[in-house]
Amino acid sequence: SIEVGRDGEFESLGFVTHTNHRQLGYLEDAKYLSMLLDNASITCVVTSKELAPLIPQRIGLAISEMPRKSFYDVH
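Cut-offs applied
Residues numbered from 1 in each chain as written. Predicted model: local features only at pLDDT ≥ 70, side-chain atom pairs only at ≥ 80, totals over all residues. Heavy atoms only, no water. Buried < 20%, exposed > 50% of the residue type's maximum accessible area, 1.4 Å probe, protein only. Helix = DSSP H or I, 4+ residues; strand = E, 2+ residues; numbered from the N terminus. Pairing = 2+ DSSP bridges. Contact = heavy atoms within 4.5 Å. Salt bridge = Lys/Arg side-chain N within 4 Å of Asp/Glu carboxyl O.

Undergrad: Before we move on, can you summarise the pairing of strand S3 (residues 23-27) with the specific residues and values?
TA: Counting buried residues along S3, 5 of its 5 residues qualify, which places the element largely inside the surrounding structure. Burial along S3 is two-sided: the face carrying Gln23, Gly25 and Leu27 and the face carrying Leu24 and Tyr26 are both buried. Taken together, the 2 bridges between strand S2 (residues 12-13) and S3 define a ladder with parallel strand orientation. Of the residues in S3, the one forming a bridge with Leu13 is Leu24. In this sheet, strand S4 (residues 42-47) lies alongside S3 in parallel orientation, the contact comprising 5 bridges. The residue of S4 that forms the bridge with Leu27 is Thr47.

Take a look at the structure:
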């Protein structure tokens, strides 16, 4: 299940390295946080409860116990 932590809008899905327009991505490992933050295409993210506090207010936020699975379920 996914809990919406902060509303956001997206038009595409992709990994943190992709640059699709207004993209939903996922983050399950803090080592990829800098890539996510440097990617202006990311407008929303699915992540864990532990990593959620690291996501800036400008990015829509969904919280999941299994971010990757939830991302693929949305896909």
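Undergrad: Pulling in residues and values, what's your account of the environment of Met35?
TA: Mapped onto the elements of the fold, Met35 is located in helix H1 (residues 33-38). With a relative accessible area of 33%, Met35 lands in the partly exposed category. Taking the C-alpha atoms as reference points, Met35 and Phe15, separated by 20 residues in sequence, lie 9.8 Å from one another. Not counting chain neighbours up to four residues away, the residues in contact with Met35 comprise Val16 and Thr17.

Undergrad: Just give me the short version of the pattern of salt bridges, but keep the residues and values in it.
TA: One pass over the full model with this rule turns up 4 salt bridges. Glu9 is the partner of Arg22 in a salt bridge, and the nearest nitrogen-oxygen pair spans 2.7 Å. Of the two residues, Arg22 sits in the loop between S2 and S3 while Glu9 sits in the loop between strand S1 (2-6) and S2, which places them 13 residues apart along the sequence. The exposure class of Arg22 is partly exposed, given its relative accessible area of 27%. With a shortest N-O distance of 3.2 Å, Arg22 and Glu11 are connected by a salt bridge. One end of the pair, Arg22, is in the loop between S2 and S3; the other, Glu11, is in the loop between S1 and S2, with 11 residues separating them in the sequence. The structure contains a network of salt bridges with shared partners spanning Glu9, Glu11 and Arg22.

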